[in-house]
Amino acid sequence: MRAADATSLWPVVITAVYQAIADKSWTRVVTTRKVNSNKGISANSQEGHTMTIASLPDTEVEHTPEPHEPGALTDGIHLVVDALKLNDVDTIYGVVGIPITDLARLAQASGIRYIGFRHESDAGHAAAAAGFLTQKPGICLTVSAPGFLNGLVALANATTNCFPMVQISGSSERHLVDLQRGDYEEMDQLAAARLFAKAAYRVSRAEDIGRGIARAIRTAVSGRPGGVYLDIPAAVLGEVIDAEKAAATLWRVVNPAPRQLPETEMVDSAIDLLANAKRPLIVLGKGAAYAQADEQIREFVETTGVPYLPMSMAKGLLPDDHPQSAATARSLALKRADVVMLVGARLNWLLGHGDAPQWNPDAKFIQVDIAAAEMDSNQPIAAPLVGDIGSVMEALLERAKPGQITVQTEWREELTAKSDSNVAKMAGRLEAALTAHPMKFLGALQAIRDVLHDNPQVYVVNEGANALDLARNTIGMQVPRHRLDSGTWGVMGIGMGYAIAAAVETGDPVVAIEGDSAFGFSGMELEAVCRYNLPIVTVILNNSGVYRGDDASTTSDPAPTALRARHEYMIKAFGGKGYQATTPAEVGAALREALASGRPALIDCVIDPSDGTESGNIAHLNPKGITAKH
Ligand code: ADP
Ligand code: TZD
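Quantities reported herein were computed from a predicted structural model and do not represent experimental measurements.

**Student:** How would you sum up the pattern of salt bridges? Please name residues and give values.
**Tutor:** All chains considered together, the criterion is met by 26 salt bridges. A salt bridge links Arg211 to Asp208; its shortest N-O distance comes to 2.8 Å. The exposure class of Arg211 is partly exposed, given its relative accessible area of 44%. Linked through salt bridges whose partners overlap, the residues forming this network are Arg205, Glu207, Asp208 and Arg211.

**Student:** So what's going on with the side chain of Asn466? Which residues, and what values?
**Tutor:** By the secondary structure assignment, Asn466 is in helix H17 (residues 466-474). Once residues lying within four places of it in the same chain are set aside, the contact partners of Asn466 are Phe441, Ala471, Tyr547, Gly612, Thr613 and Gly616.

**Student:** Give me the sheet that holds strand E21 (residues 577-581): which residues, what numbers.
**Tutor:** Within the open sheet, the 6 strands sit side by side as E18-E17-E19-E20-E22-E21. Their pairing is parallel. Lying at the two open borders of the sheet, with one neighbouring strand each, are strand E18 (483-485) and E21. Neighbour to neighbour, the strand axes of the sheet diverge by 15° on average, direction disregarded. Relative to strand E20 (residues 536-542), strand E19 (residues 510-515) runs parallel, the two sharing 6 bridges.

**Student:** Go over the site of ligand 1, please, and point to the residues and values.
**Tutor:** Not every one of the 20 residues close to ligand 1 is listed here, only the nearest: Arg224, Lys286, Arg346, Asp369 and Ile389. Contact distances for ligand 1 include 3.1 Å between a nitrogen atom and a backbone N or O atom of Ile370. One of the backbone N or O atoms of Ile389 is found 3.0 Å from a nitrogen atom in ligand 1. Taking 580 Å² as the accessible area of ligand 1 by itself, protein coverage stands at 96%. Partitioned by chemical class, the residues of the shell around ligand 1 number 9 nonpolar, 6 polar and 5 charged.

**Student:** So what about unusual backbone geometry? Which residues, and what values?
**Tutor:** The amide bond that connects Ala356 to the next residue, Pro357, takes the cis arrangement and shows omega of 5°. Between His437 and the following residue, Pro438, the backbone shows a cis peptide bond with an omega angle of 0°. Inspection of the secondary structure assignment puts Pro438 in the loop between helix H15 (409-435) and helix H16 (441-453). For Gln292, which is not glycine, the phi torsion reads 55° and is therefore positive. With respect to the helices, strands and loops of the structure, Gln292 is situated in the loop between helix H11 (286-290) and helix H12 (294-304).

**Student:** Give me the lowdown on the confidence of the model for the protein chain, citing residues and values where you can.
**Tutor:** Low pLDDT means the predicted atomic positions in that stretch should not be read closely. Across the protein chain, the average pLDDT comes to 91, with 89% of residues at 70 or higher. Throughout residues 1-63 the model reports pLDDT below 50, and contacts reaching past four residues in sequence, or to other chains, amount to 136 contacts.

**Student:** Mind laying out the environment of Asp122, listing which residues take part and the relevant values?
**Tutor:** With respect to the helices, strands and loops of the structure, Asp122 is situated in helix H3 (residues 120-134). Leave out the neighbours within four places in its chain, and Asp122 touches Phe117, Gly493, Gly497, Phe521, Ser522 and Glu525.

**Student:** Now, about the site of ligand 2: what can you tell me, with residues and values included?
**Tutor:** The environment of ligand 2 is formed by 17 residues, the closest being Ala467, Gly490, Asp516, Ala518 and Tyr547. At 2.8 Å from an oxygen atom of ligand 2 is found a main-chain nitrogen or oxygen belonging to Ala467. Residue Ala518 places a main-chain N or O atom 2.8 Å away from an oxygen atom belonging to ligand 2. Summarising the interface, the protein chains cover 76% of the accessible area of ligand 2, which totals 590 Å² for the free molecule. Looking at the shell around ligand 2, the elements with two or more residues in it are H17 and helix H19 (516-520). Counted by class, the shell around ligand 2 contains 9 nonpolar, 7 polar and 1 charged residues.

Cut-offs applied
- Every chain is numbered on its own, with residues counted from 1 as its sequence reads.
- All chains are assigned letters beginning at A, and all ligands numbers beginning at 1, according to the order in which they are written.
- In view of the model being predicted, local features appear only for residues whose pLDDT reaches at least 70, and side-chain atom pairs are presented and counted only at 80 or more, with totals across whole chains, interfaces and linings using the full set of residues.
- Heavy atoms from the whole structure form the basis of all side-chain values; hydrogens and water molecules are not counted.
- Salt bridges are counted wherever a side-chain nitrogen of Lys or Arg sits within 4 Å of a carboxyl oxygen of Asp or Glu.
- Exposure categories follow from relative accessible area, calculated using a 1.4 Å probe and restricted to protein chains: below 20% of the type maximum is buried, above 50% is exposed, and the middle band is partly exposed.
- A run of DSSP states H or I qualifies as a helix once it reaches four residues; a run of E qualifies as a strand once it reaches two. Both are numbered from the N-terminal end.
- When checking whether two residues touch, look at their non-hydrogen atoms; a contact exists if any pair is within 4.5 Å.
- One requirement defines pairing of two strands: DSSP has to find at least two bridges between them.
- Here an axis means a line fitted to C-alpha atoms, over the contact stretch when the element is a helix, while the angle between two N-to-C directions is reported on a 0 to 180 degree scale.
- The near set for a molecule or strand comprises every residue that places at least one heavy atom within 4 Å of it.
- As used in this structure description, the phrase polar contact means that two N or O atoms lie within 3.5 Å; if the pair is within protein, one of them must be able to donate a hydrogen and the other to accept it, and residues adjacent in sequence are counted only when both atoms belong to side chains.
- The Shrake-Rupley method, run with a 1.4 Å probe sphere, supplies the accessible areas, and residue values consider only the shown protein chains as cover.
- All residues other than Ala, Val, Leu, Ile, Met, Phe, Trp, Tyr, Cys, Pro, Asp, Glu, Lys and Arg, Gly among them, are scored as polar; the first ten of these are nonpolar and the last four charged.
- Per-residue confidence from the predictor is given as pLDDT, running between 0 and 100.

Structure (structure tokens):
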């Protein structure tokens, strides 16, 4: 049968199920079924578009041809699943509804793990985190219009953070949407996504599904990774075409993220700059963590002896207690360094754009980045090393002569002295926090730090303002890619999505350290955490407010920053274990017990409402008009 004849086939409908066989591989069984009318296809599918085997009476089975036997048919839903499987997609994060419910069902029946969320932002954040952790685009599945838009925040955030992800969304009838005739969940999703994603594509024919998915995967992971939107209208998902011809339209992407080698001349000039530096510094960013070039990075740092600063998600690339870490002398390192090598880190707001007085105005920059256009975005880049971090670090190691790059004792001593004095200053604060009552952020965080120190394989997710700044500085990381946080946008709401992805992708335990406000953005996903029985312990630093909890209101309503919750009750509603902790000792004991259980748990840490500062350490970004409070 020709694909063009397919539409004339109604009411004959084809669907396929995949069955597990003992050796865990999956075999496809195509089943032809006859139904009486379009309405009889599936009670829970969009009429005339999708088909579920579960919804069809068994007596109507007529024939079971082999997949590519002449006459066998398939449809858009099957092709999406086939294309994803062909490209090794093993997990989908999403929220179901028209027109993608059967897609999720079929994916699950086919051996792809489907993780169902309560809100698309959380599913999207999970997909983004999966992309960061695995170098494979995380897949997020959303419904039309509002579901799509909910997911778009995560897609945009993934793009901003350079994490590979693909948001696949169903969309409503093109002929209605385009004339704005008022369809169910009507929206020009493709146009909306273009503004916020690395790229946005639409598949308009079932025969293009394989191409669309290949293109989305390639775009998401190659070059600078980012979020890609793939629009698949309901009509395409329901389009029935010849199975044999359809199979020929799918392909597997070969070498999706090719290596990119730097220019030798630039490698030599970078080596030259470092060799002649008096006060060299390496800054490691989350691109360096993403690149999975851990060995090359470590070897370069250690053989040259150059001090380094890890950005928050690069912590653990080298253990935080590494003797070359300049983290505890950060301000001095930035102010004084004369040659700075940025490795997978952008000179954006997180690094003060490389401007004086935070930075030495005479500093020369070397930048290692896969995106050529990143060079010179903020400061002149004396040696642009455009390439993937693994290849660039290898080239540097290869071309630097032994002993060519060394670090002068004065520079090392200057950093060490500053670090010692900063650590001594902090020691008093830490000590006082251990006994303070009500509990301070630093009291709870020291208890968490000690437990995590004994459990270095635990993934740490972290968001909030004070909860973010203080946890980042207090909790040392020992293993690469084990810290995921609010990132480049400083976005709240990544917590549960990132935590779920870390647990699902790795099987390892996760501790999510959350401000009480931050947690609220994704808190309902505690239900998903419990439903999938994931080893996630959510620790809420609850000071009863956005930033602080002691703002006085001038009206009978609570202050704009005020919050009030006993979060431990929330998880109990879903079957998880809830703790309330009022002292560091209770925090530590609860966390150890929760981690040992390997089950979902939440620890609500009661923190002094007057602890913390407005906006954490970025208060200076608040506009200072005549109403300014601070
Ligand atoms: P941080 O916030 O930790 O400073 P950024 O997100 O600003 O890090 O920077 C990450 C950078 O890493 C981006 O500019 C991105 O292009 C780059 N990058 C990502 N993956 C790679 C890779 N494999 N090789 C080289 N650069 C990469
Ligand atoms: N909405 C989104 C999506 N992202 C944001 N960053 C904000 C709002 C604004 N915001 C911050 O920048 S931090 C924060 C908000 C609401 C929460 C701070 O309160 P918290 O943390 O309770 O999470 P601390 O520890 O009490 O400071």
